[in-house]
Amino acid sequence: MLLVLYCLIIDHDIRYTAAAVIVCILGSFVTMRLFSRVRVASGVQKVSWLFLAGVNGGATIWTTHFVAMLGYIAAGTVGYDPTLTGFSLVIAIVTMTTGLGISAYGGRSAFVEAGGAIVGLGIAAMHYTGMAAYNVQGFIQWNKSYVIASLILGAVFGALAVNRIARPINWFCKHSAVAFLILAIASMHYTGMASMTFEFDPRIVIEESLLSPALMGGGAIGVTVLLFALGLSTYVIDAQSTQQAVARYRHLSLHDPLTGIPNRAAFIEHLTRFTRDVSTGAHIALLSIDLDRFKEINDVHGHAAGDAVLRTIADRASSVLRSGEFLARMGGDEFVALTKAYYTRADGTEFAKRLIEQINTPVEWNGHSFTVGASVGISVRNSSSVDADTLIAQADVAMYRAKNGIAETICFYDKSMDDAARERNALAIAMRAGLENNEFELYYQQQNDTNTGSIVGFETLLRWKHPTRGMISPADFIPIAEQNGFIVELGEWVLAEACTQAARWKKALSVAVNVAPQQLADNDFPDKVDRILRKTGLQPARLELEITEGSIIADHRHALTTIRRLKALGVKIAMDDYGTGYSSLSTLQSFPFDKIKIDRAFIDGLSTNVQSEAIVRSTLILAHSLNIPVLAEGVETQAHIEFLRREGCLQVQGFFFGKPGPVTSIANLVGDDLQSSDDQAGLDDLRYRAAS
């Protein structure tokens, strides 16, 4: 060790030693940074980064050696063999590239350290080849112990250098890799120099063809600086590209790909920031915005039209935002907006109206003009106790209230809305218990022949008699069941119950059962119908399933497949609420319906509305041309009957012939003898087994 220090301090010019150290530090830093890119790259990029790392590393070793040699104090003149000097550079680059390549492709195995050892031994190979190119006036002798020590030091520190890159424990490890590579180069070089003993002999003449120290020094430094600049600039360019890619990725992750405005993630981020940074005296107002009539555009004109509308609305609404305001798309046709400059209710109303004005402006697309509206719910954060999730939930509650309202399109949240929401949740829970406790009951409404008035069938209607609340309207619990998915279980019970009751009627009248969209979307629905028919013994031809156009539009292909499977069972299919959809004609052409039911809204207007008469008349003409029977709903007056008879409507349903009632009220109409309690208990068991 003392000999190494003596060699370093006494035998070398400190100026050249300092220059060599600077070259070594800079080169090692660039090399290790490039090697870290090799580790994470793949394919052609991995090879390219490996080549750059190998060339920079080899040049660093080579330049450090020869700059340090320029500072070596030797008697007489010296010179450098150009062939061996160039060959030593090739050795440095090849061994560095090979060693780093073995480490890079070695994964997590011992090949990592083996590659580093090759790097260290390559440093030694370059050193001693470079020394062979070193010609002096005298003789050089070598101490084998120090030569071996130099090889060991180079291999050990080389292995440690790549180990810190390949197996980092913390942030410091990757930076210590540079230090270990510096130690590998410096310890190997100066230990190797300490192993050398020089004896001056003036009789030896240095050939003129050898390279002079001045030329060698200038060339070495020039080449290395060029390589350093190339490697460093490449790394910097890649780092900038990576930063740009990260910034681009972050932008994409925080922006909606369709409209280009911020998305849900960005909204949550801004909401969190707004809650921390609010002007004195101001509150945060959150606007939940849902577009009205947007689904109609998608259903009739396709998603391309819907996408164009969303993009236009997003652009327009974004253009009117002011300082402290923010707009994001949550998904579908739902948007949210924030303002941190809310002082009074008028501020929230003004902000909402400003956005609604842009939304209400017609959108022109491919010769069509689309007009949509918006329902806006506003919640206000006026205390730190209201968190982001609560604020969002409150705005949604207010938005649904605005959407269900008749005139108001803007609704501010108040606590009473929570009571209504809790009431709906309580009703949802009570529904499940009600089904288990036999609280649900089927009512039946007659379907009659228009000309004779005779009964041709019954439509099944669901009623809920709650033990404490009394009779609950289907308008109250059916939407809740559809929202929470319970409608599938409830609808299956209705189907099983209707089939069970109809199977015991002596008169083979048809029974119509409504099918919810969620039921039609169920892949197993035809199999469930088949099982119920088999268990109850009802003839398939007596079962009529009523399906709305909305159920079909949601997934046209799946609905058609399901209806065809149901038809294969022998079940009849009726289109319910005809005329209220937006693709009725194309639906009639595509689907094998056995009946069309005209919605009661058109029948109500027959005596007062010319348009209703025209719609009903055209529907009957169309159905007749397609050979599909028509049933009119909501028939309540003699005028209704006379118009429908005159226009050729074959079947009617409504209060004119009778109001809906329980199965006991129609027993005399269907020839159903009420069973004893024992028989009824057995029947109840069959019903629930069919439903399950």
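Here is what the cut-offs are and how they apply
- Here the residue index of a chain counts from 1 through its sequence in written order.
- Since the coordinates come from a predicted model, pLDDT governs what is reported: local features require at least 70, and pairs of side-chain atoms require 80 or more to be given and counted, while whole-chain, interface and lining totals use all residues.
- The side-chain numbers reported here are obtained from all heavy atoms of the structure, hydrogens and water having been left aside.
- Put simply, DSSP marks the helices as runs of H or I at least four residues long and the strands as runs of E at least two long, and each gets a number from the N terminus on.
- Here the term buried applies to any residue with accessible area under 20% of the maximum for its type, exposed to any over 50%, and partly exposed to those in between, with areas from a 1.4 Å probe on protein chains only.
- Working definition of accessibility: Shrake-Rupley area with a 1.4 Å probe, residue cover restricted to the visible protein chains.
- Between N-to-C directions, angles span 0 to 180 degrees; the directions come from axes that are lines fitted to C-alpha atoms, helices contributing only their stretch in contact.
- By definition in this entry, angles of less than 35 degrees are roughly parallel, angles greater than 145 are roughly antiparallel, angles of 65 to 115 are roughly perpendicular, and the rest are oblique.
- Crossings are classed by handedness, with left-handed meaning an anticlockwise turn of the near helix from the far one by less than a right angle and right-handed meaning a clockwise turn.
- Contacts are assigned to residue pairs that have any heavy atoms within 4.5 Å of one another.
- Amino acid classes used here: Ala, Val, Leu, Ile, Met, Phe, Trp, Tyr, Cys and Pro are nonpolar; Asp, Glu, Lys and Arg are charged; the rest, including Gly, are polar.
- What makes a nonpolar core is a set of buried Ala, Val, Leu, Ile, Met, Phe, Trp, Tyr and Cys residues whose side-chain atoms join them at distances within 4.5 Å.
- Only strands joined by at least two bridges in the DSSP assignment are considered to pair.
- Salt bridges are counted wherever a side-chain nitrogen of Lys or Arg sits within 4 Å of a carboxyl oxygen of Asp or Glu.
- Within the patch definition used here, like charges are joined within 9 Å and nonpolar side chains (Val, Leu, Ile, Met, Phe, Trp, Tyr) within 5 Å, considering only residues with over 30% relative accessible area and no salt bridge.
- To pair, rings of Phe, Tyr and Trp, with the six-membered ring standing in for Trp, must have centres within 6.5 Å; the planes then decide the type, stacked if under 30 degrees apart, edge-to-face if over 60, and tilted in the middle.
- Lysine and arginine charges are scored as sitting over a ring when NZ or CZ, respectively, is within 6 Å of the ring centre and within 35 degrees of the ring normal.
- Positive charge is attributed to Lys and Arg, negative charge to Asp and Glu, and no charge count is given to His or to the chain ends.
- The definition of a polar contact used here is a pair of N or O atoms within 3.5 Å, where within protein one atom must be able to donate a hydrogen and the other to accept one, and adjacent residues in sequence count solely through side-chain atom pairs.

A. Spatial organisation of the overall build of the protein. Of regular secondary structure, the protein possesses 26 helices and 21 strands. Across the 692 residues in the protein, those meeting the buried criterion constitute 49%. If you sum the accessible surface of the protein, you get close to 32700 Å²; carbon and sulfur atoms cover 58% of it.

B. Local environment of the packing of helix α5 (residues 111–132) against helix α6 (residues 144–166). Contact geometry for α5 and α6: axes closest at 7 Å, N-to-C directions at 140°. Taken as axis vectors, α5 and α6 run oblique relative to one another. In this structure, the crossing between α5 and α6 has a hand that is right-handed. The segment α5 lies against α6, with V112, E113, G116, A117, G120, L121, A124 and Y128 engaging V147, S150, L151, G154, A155, G158, A159, V162, N163 and A166. Partitioning the contact of α5 with α6 into residue classes produces eleven nonpolar, six polar and one charged.

C. Region of interest: the nonpolar core. With 72 residues, the main nonpolar core has L543 and L545 as its most contacted residues. Apart from the residues within four sequence positions on either side, L545 is in contact with L495, V513, V515, F525, V529, L566, V571, K572, I573 and A574. Grouped together as the second largest cluster of nonpolar side chains are 46 residues, I123, M126, V178 and L181 included.

D. How the structure looks around the sheet that holds strand β7 (residues 334–342). An order of β6-β7-β5-β10-β11 is seen for the five strands of this open sheet, with the pairing classed as mixed. The sheet terminates laterally at β6 (325–331) and β11 (410–412), the two strands that pair on one side only. When the angles between neighbouring strand axes are averaged without regard to direction, this sheet yields 20°. Of the pairings in the sheet, the one linking β6 to β7 comprises six bridges and is antiparallel in character. Looking at the pairing, G331 lines up with E334 of β7. The strands that helix α13 (residues 388–404) touches are β5 (283–292), β10 (373–381) and β11; relative to β10, the one it contacts most, it runs at about 145°.

E. Summary view of the pairing of strand β17 (residues 572–578). Burial runs high along β17: five of the seven residues are buried. Examined bridge by bridge, strand β16 (residues 543–548) and β17 share five bridges and lie parallel to one another. Residue L545 lies in a different strand from β17, and its bridge partner there is I573. Judged from the three bridges that link them, β17 and strand β18 (residues 595–598) form a sheet pairing that is parallel.

F. Spotlight on the packing of helix α2 (residues 14–40) against helix α3 (residues 43–70). Where α2 contacts α3, the axes come no closer than 8 Å and their chain directions differ by 170°. When the axes of α2 and α3 are compared, the pair comes out roughly antiparallel. The residue inventory of the contact of α2 with α3, partitioned by class, reads 16 nonpolar, eight polar and three charged.

G. Just the pattern of salt bridges, in detail. Tallying each qualifying case throughout the model produces 19 salt bridges. One continuous salt-bridge network, built from bridges that share partners, spans R322, E325, E350 and R354.

H. Quick look at a nonpolar patch on the surface. Together, I148, I152, V156 and L160 line one region of the surface with nonpolar side chains, adding up to about 340 Å² of accessible area. Tracing the sequence through the fold places I152 in helix α6.

I. Up close: the packing of aromatic side chains. In the structure shown here, the tally under the stated rule is twelve aromatic pairs. An angle of 80° between the planes, with centres 5.1 Å apart, marks the rings of F656 and F657 as edge-to-face. You can call F657 partly exposed: its relative accessible area is 23%. An aromatic cluster is defined as three or more aromatic residues linked by ring pairs; in this entry it consists of F440, W464 and F477. Against the face of F412 rests R345, its NZ or CZ located 4.2 Å from the ring centre. Above the ring of F655, the side-chain terminus of K659 is found at 5.7 Å from the ring centroid.

J. Broad picture of unusual backbone geometry. Positive phi, close to 70°, is recorded for R293, a residue that is not glycine. Positionally, R293 belongs in the loop between β5 and α10 (294–301). Positioned with a positive phi, N438 is a non-glycine residue whose angle comes to about 60°. Residue placement: N438 occurs in the loop between α14 (415–436) and β12 (440–449).

K. View of the side chain of E439. For E439, the position within the fold is in the loop between α14 and β12. No salt bridge is formed by the buried E439. Its closest oppositely charged neighbour is R469, at 8.9 Å. Looking at E439, its side chain comes within polar contact range of the side chain of W464, at 2.9 Å. Sequence-distant contacts of E439, defined by excluding residues within four places in its chain, comprise G434, R463, W464, K465, H466 and P467.

L. Here's a closer look at the pairing of β6. In terms of burial, β6 is largely enclosed, as six of its seven residues are buried. Where β6 hands over to β7, the hairpin turn is made up of two residues, of which G332 adopts a positive phi near 60°.

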